[in-house]
Amino acid sequence: MPGPSDARYQPQTIEPRWQTAWDTAGCFLAKVDPSRPKYYVLEMFPYPSGRIHMGHVRNYTMGDVVARYKKAQGFSVLHPMGWDAFGMPAENAAMQEGGHPATWTYNNIEVMKGQMKPLGLSIDWSREFATCDPEYYGQQQAMFLDMLKSGLVYRKNAVVNWDPVDMTVLANEQVIDGKGWRSGAEVEKRELTQWFFKISEYSEELLAALDTLEHWPAKVRLMQENWIGKSRGIDIPFRRTDGEAPIICYSTRPDTMHGASFVAISPEHPVSRALAEDNAELAAFIAAARKMDTTEAAMEKAEKKGIDTGITVRHPIHPDQELPVWVANFVLMDYGTGAVFGVPAHDQRDLDFARKYGLPVRNAFYLPGQEVEVENEALVPPKSETVDFIDHFAGVTKATSQEAIDATIDYFEAHDLGVGQEKYRLRDWGLSRQRYWGCPIPVVHCDACGVVPEKKENLPIRLPEDVSFDKPGNPLDRHPTWRNCACPACGKEARRETDTMDTFVDSSWYYARFTAPHAATPTDPAEAEYWMNVDQYIGGIEHAILHLLYSRFFARAMHKTGHLPASAVEPFDALFTQGMVTHEIYKTKDERGRPIYHLPEDVEDGKLIATGEAVETTSSVKMSKSKKNVVDPVNIIEQFGADTARWFVMSDSPPERDVEWTSSGAEATFKHLSRVWAMGERIAAMPADAPGDDADLTRAMHRAVDEVTTMIEGFAFNKAIAKLYEFSNTLSKSKASARMQKEAARVLAQLMAPMVPHLAEDLWHQLGGDGLVTEAAWPKADPAFLVDDTVTLPVQINGKRKAEIAVALDASKEEVEKIALSDEAVTRALAGATPKKIIVVPGRIVNVVI
RNA sequence: GCCCGAGUGGCGGAACGGUAGACGCAGAGGAUUCAAAAUCCUCCGCCCUAACGGGUGUGUGAGUUCGAAUCUCACCUCGGGCACCA
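Source: prediction; values computed, not measured. (Residues numbered from 1 in each chain as written. Chains lettered and ligands numbered in written order. Predicted model: local features only at pLDDT ≥ 70, side-chain atom pairs only at ≥ 80, totals over all residues. Heavy atoms only, no water.)

Here we take up the sheet that holds strand β20 (residues 443–446). A sheet is described by the order of its strands in space; here 4 strands give the open sequence β21-β20-β23-β22, paired in antiparallel fashion. Edge strands, defined here as strands with exactly one partner in the open sheet, are β21 (450–453) and β22 (484–486). Recorded for the sheet is a direction-independent mean angle of 45° between the axes of neighbouring strands. Here 4 bridges tie β20 to β21, and the two strands are oriented antiparallel to one another. Counted as the bridge partner of Val443 is Pro453 from β21. (Pairing = 2+ DSSP bridges. Helix = DSSP H or I, 4+ residues; strand = E, 2+ residues; numbered from the N terminus. Axes fitted to C-alpha atoms, helices over the stretch in contact; angles between N-to-C directions.)

Below you can see the structure in the form of structure tokens.
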């Protein structure tokens, strides 16, 4: 006769069953409910590459734990999912395999969704969209027009990386050793007219508001602060001896002015360009500078070069001193004024330059007591260090550089010699891409009217479907008819803009669209008002700067154009950046010593399963296809079920750190879940009136509720799981009554539900829980059961633990002292010595000092 | 180069300035079994000891404190971010 003990934990059966039950009950449809507090939890939406990986599983499980927990706490929860669906991989696939980017993308979305569904995530799929849906990018175009009207978007010439083979602009990170990452062609600098968002207008606000983001990681705030890069300096005009307009130099170190020995201007500086017109040598120099590789490594190695223009300027403080003006390849046009004065003694670049071209080197200050001239290493002490200034015009003698900088700026302003400035490193966001698979920029070029915005009623400007990728370049550009249109202003024949938007634009507002995904306007004010902001955003640290900064800007721009309330300008109240999933690498070598990598599923006990050959195992790193150290979530779900995958990725490491996937860990998780399931069966089958002592289990249950709640609130999922292990171990050994064991098992199911919802649902059902555990209210701990009436105190002698004593919780210090000193182990350790002092920390510790 | 962060058993990791190593993995021993798998029980930082027990121990060195993994300083190692930004 088959009894309960014959039943086995079968996730393959129970998981689909409960997923259907949730769908039928509509558990995860987000509803505006003014009677409840709302909670919006969002994970960074995926790029539809075609397969999910363990990183996705970890990211979405974290969000799901939060979403399910908040739902149980009575919040009206919004937990949506969508697809960051525009971008180059779709075009590359079309080039390599033929087909259309849209087909490729939508197929991938179907496949990935099919892989995600079995995870049992509490997602409101009715809100799903892809950024390549015309309904989405059409609204993005509408916002672009509004922003254009508000002056948040503009066009200007910019120097870009141009790949002459692929005929497209490349981002800096796509240029490797000066060559296009795909074509391998020598990358050129080209000047193109590009669209820009005026993010720099918000530099100060984006910087200042970082302080309000209390629930963001300090690391991310710091990275953004550095990226915005505020500096205080001064613009100083240098009068030219030939009477032409002065050259304005920007400096953050005007305190070193005394040591200025030349002025250097950027090759792109208007003065350089003007001179180059009848100076072939200079023209060649500027061309060479443009070709120069802009990657970090190359910058470091690149030689500092310059050309003397023959122009001279006067030192602002010592007008009798004439300084030569050089064009120098290390001066950037788009920071400050594109011109600097060189102080070789206190700047390494200037010093290298001065030594190369024989320019004078003069100290502006010395370290106290060390009056030595600079040789080949510039003297650059911290701005907070006190130094001795030489003959400083503002009367500064012994001072820190910071004090001297402030004094200098005051002096220059007072004498009308310069204007104090605050500058930012943050530059405007260039959004034009010469690509097909992106959101078309909705403007028209008309010979008569110039650049004209499309009419909103013509939106969306759809991408044409009949395109080919057999030739390099932008298919929109060479499409026979798509470009042709009527000018929205005059109605005459005109041409569409063929650039599309950077895909970062798509992801800069998707969180807002989720609040009203089908609205006929970009957002719906009532829905945005109710659901915004995102209460908890979860994603990878790799988006610390660009995506998050762009989104912060975009929310402000959306507010300015009436698409978001003022309360939503910081769209993410709390941010959590999760670690990666790693795995060991297994490799063997071929006959020529080259590594061959092997999938974890082909290796057992350090040997290849197929041949028995020993593999070399290297330490765990981020899962990557090229190293084959990947575990496919689909296989894990087939083998162990989704709950095992979910529990394991949450259990082993703190969520902000990397977690190492191990097969032994996954198996152990499955065994544990099987044990819990079998325990549920056993407890459910207990005769209802079986008696027992309930005190210990009651206490353990309330403690578990209290601790797990605190741990989940604090994103300490690994610790919550450790507590759940403890509690289920306690329950399995409990001698409590059937009534109490059943209650405790139901509470265990509730506490486990955020992590392993299917198993929890099954337990809850077996144990007679009411309805779905997914809809049940989170249990509350009774504080009365959280304190013991006696406590165990360690007793230390001179800070070293020697004994333990049990005392009443409310025992007085004197009583505790007495009990401690009369303890046998304490007397032994004291060995007759007289205590000098006894420290009693109630409920904590006793320390006897001898 | 500049700016952050982290170093705890064989491993992943716990620990409001108060019993270091919770919980899990791996390992050892035992029960069950004809045997194995599965399951259950016990042990498990290192050194000395048959045991009781003692010593030692959170990257290194100093310091503050009755008491330091935790606070301070210096150093070492690893990880991350930024970088001709004047």
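Let's shift gears to the pairing of strand β33 (residues 790–797). As paired strands, β33 and strand β34 (residues 800–808) are joined by 8 bridges and run antiparallel to one another. Residue pairing across strands places Gln796 opposite Arg801, the latter belonging to β34. Taking the residues that link successive antiparallel strands as the turn, the β33-β34 hairpin has 2 residues, and the phi of Asn798 there is positive, at about 50°. In this sheet, strand β36 (residues 845–849) lies alongside β33 in parallel orientation, the contact comprising 3 bridges. Paired with Val795 across the two strands is Val846, which belongs to β36.

Further remarks concern a negative patch on the surface. Taken together, Asp789, Asp810, Glu814 and Glu815 make up a surface patch of like negative charges. Assignment of secondary structure puts Asp789 in the loop between α24 (757–766) and β33. (Patch = residues over 30% accessible without salt bridge, like charges linked within 9 Å, V, L, I, M, F, W, Y side chains within 5 Å. Areas by Shrake-Rupley, 256 points an atom, 1.4 Å probe, with all protein chains shown as cover. Salt bridge = Lys/Arg side-chain N within 4 Å of Asp/Glu carboxyl O. Lys, Arg positive; Asp, Glu negative; His and termini not counted. Charge placed at Lys NZ, Arg CZ, Asp CG, Glu CD.)

This part takes up the UniProt feature "domain: Aminoacyl-tRNA synthetase class Ia" (unreviewed entry) in chain A. Per the UniProt record, "domain: Aminoacyl-tRNA synthetase class Ia" (unreviewed entry) is annotated on residues 427–583 and 620–661. In residues 427–583, helix accounts for 22% and strand for 21%; the two terminal C-alpha atoms are 39 Å from one another. Structurally, residues 620–661 comprises 43% helix and 12% strand, and the distance from its first C-alpha atom to its last is 9 Å. (UniProt positions renumbered as here; feature names shortened; annotations may be inferred.)

Here the focus is the sheet that holds β34. Reading across from one edge, β34-β33-β36-β35 is the order of the 4 strands in this open sheet, with mixed pairing throughout. In the strand order of this sheet, the two ends are held by β34 and β35 (837–841), each with one partner. Between one strand and the next, the sheet's axes are offset by a mean angle of 20°, whatever the strand orientation. Across 5 bridges, the pairing between β35 and β36 is antiparallel. Paired with Lys837 across the strands is Val849, a residue of β36.

On to helix α18 (residues 633–640), then. Burial in α18 covers these residues: Pro633, Ile636, Ile637 and Phe640. On an axial view of α18, the arc spanned by its buried residues comes to 100°, and they lie on one face. Along α18, the residues that are exposed and aim more than 90 degrees away from the buried face are Glu638 and Gln639. Packing partners of the buried residues in α18 comprise α1 (11–25), α2 (54–72), α19 (642–651) and α20 (663–684). Residue Asp632 occupies the N-cap position of α18, its side-chain oxygen lying 2.9 Å from the main-chain nitrogen of Val634. (Buried < 20%, exposed > 50% of the residue type's maximum accessible area, 1.4 Å probe, protein only. Arc of directions from axis to C-beta. Contact = heavy atoms within 4.5 Å. Polar contact = N/O pair within 3.5 Å; in protein donor to acceptor, adjacent residues only side chain to side chain.)

It is worth spelling out helix α7 (residues 218–228) at this point. Within the span of α7, buried status applies to Val220, Gln224 and Ile228. Taken end-on, α7 shows its buried residues confined to a sector of 70°, consistent with a single buried face. Across from the buried face of α7, at angles greater than 90 degrees, the exposed residues are Ala218 and Lys219. Gly229 sits one or two positions beyond α7 and adopts a positive phi of about 60°.

Right, let's talk about the state of the cysteines for a bit. Taken as a whole and judged by the stated rule, the model has 0 disulfides. Lacking any disulfide linkage, Cys485 is separated from the closest cysteine sulfur, that of Cys487, by 7.8 Å. (Disulfide = S-S within 2.5 Å.)

Below, the discussion takes up the protein's contact with RNA strand B. Neighbouring RNA strand B are 51 residues; Thr252, Arg349, Arg427, Lys719 and Asn847 lie closest to it. When atoms of RNA strand B within 4 Å of the protein are sorted by moiety, sugar and phosphate together comprise 61%. The side chain of Arg349 places a nitrogen or oxygen atom 2.3 Å from a phosphate oxygen of RNA strand B. For the surface near RNA strand B, the element with the highest residue contribution is helix α22 (residues 717–733), accounting for 7 residues. For the surface near RNA strand B, a count of residues per class yields 20 nonpolar, 9 polar and 22 charged. (Near = heavy atom within 4 Å. Nonpolar A, V, L, I, M, F, W, Y, C, P; charged D, E, K, R; others polar.)

For the rest of this paragraph, the subject is the packing of α22 against helix α23 (residues 738–752). Running from amino to carboxyl end, α22 crosses α23 at an angle of 160°, the nearest separation of the two axes being 11 Å. The pairing of α22 with α23 is recorded here as roughly antiparallel in orientation. In this structure, α22 meets α23 at a crossing whose hand is left-handed. Packed against α22, whose contacting residues are Leu724, Phe727, Ser728 and Leu731, the element α23 presents Gln741, Ala744, Ala745, Leu748, Leu751 and Met752 at the interface. Taken together, the residues that form the contact of α22 with α23 break down as 8 nonpolar, 2 polar and no charged. (Parallel < 35°, antiparallel > 145°, perpendicular 65-115°, else oblique. Left-handed = near helix turned anticlockwise from the far one by under 90°.)

Once that is clear, we can look at the side chain of Thr588. Its place among the elements puts Thr588 in strand β27 (residues 581–589). Other than its neighbours up to four places away in sequence, Thr588 contacts Arg594, Pro595, Ile596, His598, Leu608, Glu613, Ala614 and Val615.

This part takes up the packing of aromatic side chains. Evaluated as defined, the whole model comprises 45 aromatic pairs. Ring plane angle 85° and centroid distance 5.6 Å describe the contact between Trp326 and Phe353, whose orientation is recorded as edge-to-face. Placement of Trp326 in strand β12 (residues 322–328) and of Phe353 in helix α11 (residues 348–357) is noted, with a sequence separation of 27 residues between them. Each member of the pair, Trp326 as well as Phe353, is classed as buried. Three or more aromatic residues joined by ring pairs make a cluster, and in this case those are Phe45, Phe129, Tyr136, Trp509, Tyr510, Tyr511, Phe514, Tyr537 and Phe572. Here the guanidinium or amino end of Lys156 rests over the ring plane of Phe196, the centre of that ring lying 4.6 Å away. Of note, Arg496 hangs over the ring of Trp482, and the distance from its end group to the ring centre comes to 5.9 Å. (Phe/Tyr/Trp six-rings, centres within 6.5 Å; stacked < 30°, edge-to-face > 60°. Lys NZ or Arg CZ within 6 Å of the ring centre and 35° of its normal.)

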